[in-house]
Structures are given as C-alpha cells and as structure tokens.
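Secondary and tertiary structure notes
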Amino acid sequence: MIEVQNLTKRYGEKVAVDGLSFTVQPGIVTGFLGPNGAGKSTTMRMIAGLDQPTTGQVRVSGRDYRDAGAPMAELGIMLEARAVHTGRSARNHLLALAQTNGIGRHRVDEVIDLVGLRDVAAKRVGGFSLGMGQRLGIAAALLGNPRVVILDEPVNGLDPEGVLWVRNLLKALAVDGHTVFVSSHLMSEMALTASRLVVIGRGRLIADTTVDELTAQAGGSNVTVRTPQPAELRAALLGPGIMVSSETPGVLVVEGLSTEQIGTIAWQAHLPVFELTAREASLEEAFMQLTEESVDYRSHEPAMAGAVR
Amino acid sequence: MSVLTSAPTSGLPALKVTQLRVLRSEWTKFRSLRSTLWTLLTALVLMIGIGALFSAVNASQYHTFSPAQMASFDPISVSMAGTTFAVIAFGVLGVLTMSGEYGTGMIRSSLTVVPRRLPVLWAKLGVFAGVVLAASLAASFAAFWLGQVLLAGHHLGVSITSADALRSVIGAALYITVSGLIGVTLGALFRNTAAGIATFTGVFFVLPPLASLLPSSIGDHLTKYLPSNAGSAIFGGVHGVSNSLSPWTGFAVLCGYAVVLIAAAAWRLRHSDA
C-alpha cells in the first residue's frame, strides 16, 4: 500500500506537485495518469525517497521507505529516465543492485529470464534498445519480489508483444497481492490494465476514480438518432433526466435513454428512424476533458483539430 | 508467472541491507566497468614509466650536474617522479566513481535499493581506497625498484633499506590513495565528471605553480599547505617550496582536507535530491 498525504514539491518558483493526496491499494493495478509534466515522475521519486517532499509525506506499507530494513523486498521501482550505468552488462547491473540487499545470483538469473533478456545479459547496457532498457528496468524492480511495484511508463518503446507482456505481468503481480502503481500518459493503455486511476494535472489531483466512473463522469454515453421528423421525435422522447440536442438538421443526440428505449418510443409514436447509434464516450476523450485545464505543453488548435477528432 | 509466485521460497532468505553487502555491491560495480580498468592501467603505466624515464635521464645527465645539483640529488624521489602524474589518473578514477553514477542516472537505482544512502558512499570510498592502495603500492615498489636499477648503472642507486626509502615508497601510495579519495568526494559534490576532473586537476596541477608566483612573504606560509605540496612531502616530491612540511605532518594535512571533503560529500548525499 502507498499512502500519499498532502504532498508538495517545489523547485524554486515552479510547483511540480501541489498538495497531492491519494492511496494505492494492494491486489489491483492502479494507473497514474497525467499529461507530460504533470508531476508523475516527481511523485514517484518522492515515494522512493529519492526526492525530499517540500511538505507532506509518503508512506510505503505504513512507513517511510527510507526506514525499510529490506528495501528491495518492500519497493521495486522503474523510473522513466534510464537509471543504469551504460558501461556495465545487464547481469552485472542487476547483480550489483541485488547484492546490496543480500539477493543471490540465482534470483538475478531468474528475473533475467522473466523479462526475456537472457541472450543479451552479458552485453553492455549502452547498446540496448529502448525496449530492452525497459525490460532491464522492470527486471531491477522485480529483483526483491517487492510488495510494492512502481513502474514509470513501462510500455514506452516496447513492441506489441512487449506491451502485451507488460499488461499480463502487471495483472499477475496484482493477482499475487502486490501493490502495483503504473504511470502513463496514455489513457487507452491504462484502460486495458488498471482498475483504479489516479489522474493528476499540474501537480494537482484531478480524479481518484475507477475506469467506469471516469467514463461516466466524462459525459457518459449518448445515442445518435437520424429521423425526418426531429421535432416530433424530440417531443416524444423528452422526459425527466433526458437531454436531447441537435447540431445537424435531422440528427438528434439523446442522453439518458438506450437505443432500445428510443427505438420503442419512436415505433409507438409512428415516427420513422433511419439510424440509431449508441456512442460510448472514449476514455481518451474523458481524459482530455479532465486534463484540458492543466496541459503544460499544448499544440495549437489548428494542428490539434485533425488529430483529436 | 510462476517465477513471481515462487520467488519468496526460491532463495530470498533474510533480505536486509548491511554495510558489508553494499561493499560487495560496490566491488561488483567497480570491477565490471571497462573504463575503471583502463584508468587504473593508465595510472600504473604513468607511475612506473615516468619514474623510469626520470631515473634514466637523471642517470645519464648526472655528470653534467653542478655541485649544488649533485648535493641535492635524491635518487628516491627521482624514482618516485611518476607519482605526481599518476595522481591525476587516480584522481580522475576517483571522480568517475561517483560522477559516472550521476551522469548515467545509475545513482537513482543505487539509492533506491539503499535508501539510507550513506552506506553507498562509505562502500564506494572503501572499495576505492582498497583497490587504489593495493595497486599504487605495487606500482610504487615497481617504480622504486626499476628506478634504482637504472640509477645503479651510474652508481647512483640506493636500496629500499636506506634512510627514508621505505617511507617514501609507501608514502607515495598513501598520497595517491588519499588524493584519489578527494577525487571521489569531488565527484559526489559536483555530480558531474567535467567539473570534478577540472577541479581536481586545478587544485593538484594548476594551483601549485600559481602559488609560487605569490610574494614569498605570503607564499611561504600558504604554498606548503596546498593539498599536492602537503601530501607530496611524504615521498619527498615537493619541489620549489622553500620550507615544505615534514613528511607525516604534510600527510596529516592532506588527510585533513580529505576528511572535510568526505563530510561535505556525505552531507550533500544525505540531504539533497538524487
């Protein structure tokens, strides 16, 4: 379990993390989402005791991580920026880390096999691809079979097979009872792996929620109806909690009713319907809506228009 | 995923950070980098090669020396002449020991697995001191022996049992080791290879000639306390300083600098973000 309470980190004038509070529970995968520069990595570094919070505190399994007697059994972390000496081989890198906590060579070879780096374990890390570097980082995080696993952007640079492997690994860790905390700036990736989501923007908490709640919060679902008699159908559909809007002549967008309900009402009112399409608000859109206010590095509107819609 | 679930029973007994374990880890780090091995080799070649060169040149030129030069001729320090240059290579190795971790980001991994941090610094200093003392002692004895052989051809050589010889040979290794530790602290303080090396060479190579430009009323009191001059007193390697410190006083002054810098490095490691 990770408990973050009122965490703030200032670098001079810039506030990287601003009064952040959330809890990450064991047994599930928790996604940590936010646009680039939102403060995800800074928060993770503070959890691992690498950065000192300006105010507030972090507890890993109930205490300050820096007081842990067996740190590698407590927390395993892969930071986004590579944290490996490029001149060393993968095996020696892992061995040096393992030895500090009294972990043997056997376990080093075990994690090398687990992440699929056996063939390159004796090669210098400097020549590794981004994906191999990610695998090495994950191997280091798993060395001590820690209760809490934190991975910063683990799927970055991985090929599709690697992405699938990470997804399965995260789920397996969670099923095993580990606390799994994974950051990403891609909502779609998180939707596939995480059950809970902690969303931040500009260092502040935007949402501490589940994937389902977030979709609902972002406007939920609606139904597009095409009809030659929009005014009549609109009148037939309207009721308490039901919203009907229209941007294009002959097309209604209905919130609060399912396709079945709309179809039945239209049939009962003898109104023709040419199209009936249910539309689920995508998580990506939900995420964009949530973080709209807090994006640091935004491209300009004309460039975005094509990409987003 | 069986590997994950079987892990606790498959050889993870009492996991715990101990100073000895961190020392072992730092030894693994030290020996697994090609750059450290090359730097070490360079230092040894400098130490032995330059000592031999100075000995050979002095031996062949001895007959041209003035009576004053002959009177002050010291066959021991001539054979130890490589020390001054080897110090730079060992100092660079010291700086790299720390700055290499910061430059590559490795330090974040190192400090995450040892969150109390200070054991990492102690282990680095320990491994460095052990390796460098052993290597420089070997090089120092080799340089002395080779130098004396070359000087002996002109009947200038002395034996290891002669006055000050053993102290100088061991002293050169001690000077190199403590100077190298100062390099480690500079790497820890600057967290940057270029800044660390520039500072190290500046203090050990640039300051001494600059200080000799000072008026002697000031210079005579300051110059002998420069780390290089204070430390070199132990092997008789101080030149152009009117009243250098006695061998062990000089070495104590050098150790004083090292202790202050180690304390500063420890404070910085403990208190600033990694």
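Residues numbered from 1 in each chain as written. Chains lettered and ligands numbered in written order. Predicted model: local features only at pLDDT ≥ 70, side-chain atom pairs only at ≥ 80, totals over all residues.

**Describing the overall build of chain A**
- When you go through chain A residue by residue, the secondary structure sums to 12 helices and 13 strands.
- Overall, the C-alpha framework of chain A stretches about 75 × 45 × 40 Å when taken along its three principal axes.
- The buried share of chain A, taken over its 309 residues, is 45%.
- By sequence separation, contacts in chain A at least 24 residues apart represent 70% of the contacts at least 6 residues apart. (Helix = DSSP H or I, 4+ residues; strand = E, 2+ residues; numbered from the N terminus. Buried ≥ 20, exposed ≤ 12 C-beta atoms within 10 Å, placed from the backbone. Contact = placed C-beta atoms within 7 Å.)

**Here's the deal with the overall build of chain B**
- Across its full length, chain B carries 13 helices and 0 strands.
- The secondary structure elements of chain B, listed N-terminal to C-terminal, are α-α-α-α-α-α-α-α-α-α-α-α-α.
- Principal-axis analysis of the C-alpha atoms gives chain B an extent of 80 × 40 × 30 Å.
- A buried classification covers 46% of the 274 residues belonging to chain B.
- Long-range pairs, those at least 24 residues apart, make up 78% of the contacts in chain B with a sequence separation of at least 6.

**Some details on the confidence of the model for chain B**
Residues and elements named next belong to chain B.
- When pLDDT is averaged along chain B, the result is 91; 94% of the residues meet or exceed 70.
- Scored below 50 in pLDDT, residues 5-12 makes 10 contacts in the model with residues more than four places away or belonging to other chains.
- Across the interfaces of the predicted complex, the ipTM metric reaches 0.90, alongside a pTM of 0.86. (pLDDT = per-residue confidence, 0-100.)

**Some remarks on the nonpolar core**
- Counting residues in hydrophobic clusters, the biggest one holds 150 residues, and the most contacted among them are Ile-47, Leu-94, Val-111, Ala-139, Leu-143 and Ile-150 of chain A together with Ala-86 of chain B.
- If near-sequence neighbours (up to four positions away) are discounted, Ala-139 of chain A is found in contact with Leu-94, Val-111, Ile-112, Leu-114, Val-115 and Leu-117 of chain A.
- One finds Val-225, Leu-237, Val-254 and Leu-257 of chain A within the second-largest nonpolar core, a separate group that totals 10 residues. (Core = buried A, V, L, I, M, F, W, Y, C linked by C-beta atoms within 7 Å.)

**Quick notes on the interface of chain B and chain A**
- With 37 residues of chain B at the interface, the matching set in chain A holds 44 residues.
- Secondary structure elements with two or more residues in the side of chain B that touches chain A: helix 1 (2-6), helix 2 (19-31), helix 3 (34-61), helix 6 (83-104) and helix 7 (106-113) of chain B.
- Residue composition of the side of chain B that touches chain A, by class: 17 nonpolar, 11 polar and 9 charged. (Nonpolar A, V, L, I, M, F, W, Y, C, P; charged D, E, K, R; others polar.)

**Some details on the pairing of strand 10 (residues 221-226) of chain A**
Residue and element names in this part refer to chain A.
- By the bridge criterion, 6 bridges tie strand 10 to strand 13 (residues 275-280) in an arrangement that is antiparallel. Residue Asn-222 lies in a different strand from strand 13, and its bridge partner there is Arg-279.
- As paired elements, strand 10 and strand 12 (residues 251-255) share 4 bridges and run antiparallel to each other. Residue pairing in the sheet places Arg-226 in a bridge with Val-251 of strand 12. (Pairing = 2+ DSSP bridges.)

**Some remarks on the packing of helix 6 of chain B against helix 10 (residues 193-211) of chain B**
All names here are of chain B.
- Look at helix 6 against helix 10: their axes get within 8 Å of each other, and the N-to-C directions meet at 155°. With respect to each other, helix 6 and helix 10 are oriented roughly antiparallel. Helix 6 and helix 10 meet at a crossing whose hand is right-handed. Where helix 6 abuts helix 10, its residues Val-87, Ile-88, Gly-91, Val-92, Val-95, Leu-96, Ser-99, Gly-100 and Gly-103 lie against Thr-193, Gly-196, Ile-197, Phe-200, Thr-201, Phe-204 and Phe-205.
- Split by residue class, the contact of helix 6 with helix 10 holds 9 nonpolar, 7 polar and no charged. (Axes fitted to C-alpha atoms, helices over the stretch in contact; angles between N-to-C directions. Parallel < 35°, antiparallel > 145°, perpendicular 65-115°, else oblique. Left-handed = near helix turned anticlockwise from the far one by under 90°.)

**Some remarks on the environment of Gly-231 of chain B**
Residues and elements named next belong to chain B.
- Relative to the elements of secondary structure, Gly-231 occurs in helix 12 (residues 227-232).
- A C-alpha to C-alpha distance of 8.7 Å links Gly-231 and Ala-172, two positions 59 residues apart in sequence.
- The residues touching Gly-231, leaving out its near neighbours within four places in the chain, are Tyr-175, Val-178, Ser-179, Gly-250, Phe-251 and Leu-254.

**Regarding the sheet that holds strand 12 of chain A**
Residue and element names in this part refer to chain A.
- Spatially, 11-12-10-13 is the arrangement adopted by the 4 strands of the open sheet, whose pairing is antiparallel. The sheet is open, and its two borders are formed by strand 11 (243-245) and strand 13, each paired with just one other strand. Here the average twist between neighbouring strands, direction ignored, is 20°.
- With 3 bridges connecting them, strand 11 and strand 12 associate as antiparallel partners. Across the sheet, the residue bridging to Met-243 is Glu-255, located in strand 12.
- Helix-sheet contacts for helix 10 (residues 259-268) involve strand 10, strand 12 and strand 13, and the interaxial angle to strand 13 is about 155°.

**As for the sheet that holds strand 2 (residues 14-24) of chain A**
All names here are of chain A.
- Across the sheet, which stays open at both edges, the 3 strands sit in the order 2-1-4 with antiparallel pairing between neighbours. Each edge of the sheet is formed by a strand with only one pairing partner; in this case those strands are strand 2 and strand 4 (55-60). Each strand axis lies, on average, 20° off the axis of its neighbour in the sheet, ignoring direction.
- Of the strand pairs in this sheet, strand 1 (residues 2-11) and strand 4 are connected by 5 bridges, and their pairing is antiparallel. Among the inter-strand pairings, Val-4 is bridged to a residue of strand 4, identified as Val-58.

**Some points on the domain arrangement of chain A**
- Each assigned domain of chain A is listed here: domain 1 (2-210) and domain 2 (221-280).
- Each of domain 1 of chain A and domain 2 of chain A has a C-alpha centre, and the two are 47 Å apart. (Domains from an automatic or database assignment.)

**A look at the environment of Arg-196 of chain A**
Residue and element names in this part refer to chain A.
- Checked against the element boundaries, Arg-196 lands in strand 8 (residues 196-201).
- Classification of Arg-196 by C-beta neighbours within 10 Å gives buried; the count is 21.
- Considering only alpha carbons, one finds Arg-196 and Val-29, 167 residues apart in sequence, at a separation of 6.7 Å.
- Not counting chain neighbours up to four residues away, the residues in contact with Arg-196 comprise Ile-28, Thr-30 and Thr-210.

**Digging into helix 10 of chain B**
Residues and elements named next belong to chain B.
- In a regular helix each residue adds 1.5 Å, so 19 residues correspond to 27 Å; helix 10 covers 26 Å between its end C-alpha atoms and thus fits that length.
- Most pronounced at Gly-202, the bend in helix 10 amounts to some 40°.
- Every buried residue of helix 10 is listed here: Gly-196, Ile-197, Phe-200, Phe-204 and Pro-208. (Expected span 1.5 Å × (residues − 1). Bend = angle between axes of the 7 residues up to and from the residue.)

**Here we look at the packing of helix 9 (residues 165-190) of chain B against helix 13 (residues 247-271) of chain B**
Residues and elements named next belong to chain B.
- Look at helix 9 against helix 13: their axes get within 9 Å of each other, and the N-to-C directions meet at 20°. Relative to helix 13, helix 9 is oriented roughly parallel. Like other packed secondary-structure pairs, helix 9 and helix 13 cross with a definite hand, here left-handed. Across the interface between the two elements, Arg-167, Gly-171, Leu-174, Tyr-175, Val-178, Leu-181, Ile-182, Thr-185, Ala-188 and Leu-189 from helix 9 touch Pro-247, Phe-251, Leu-254, Cys-255, Tyr-257, Ala-258, Leu-261, Ile-262, Ala-264, Ala-265, Arg-268 and Leu-269 from helix 13.
- Here the contact of helix 9 with helix 13 is composed, by residue class, of 18 nonpolar, 2 polar and 2 charged.

**Topic: the pairing of strand 3 (residues 29-33) of chain A**
Residues and elements named next belong to chain A.
- Counting buried positions along strand 3 gives 5 out of 5 residues, so the element sits mostly inside the fold.
- The pairing of strand 3 with strand 7 (residues 179-184) spans 5 bridges and is classified as parallel. Across the sheet, the residue bridging to Phe-32 is Ser-183, located in strand 7.
- Alignment of strand 3 against strand 8, held across 4 bridges, turns out to be parallel. Each residue of the ladder has a partner; that of Thr-30, found in strand 8, is Arg-196.

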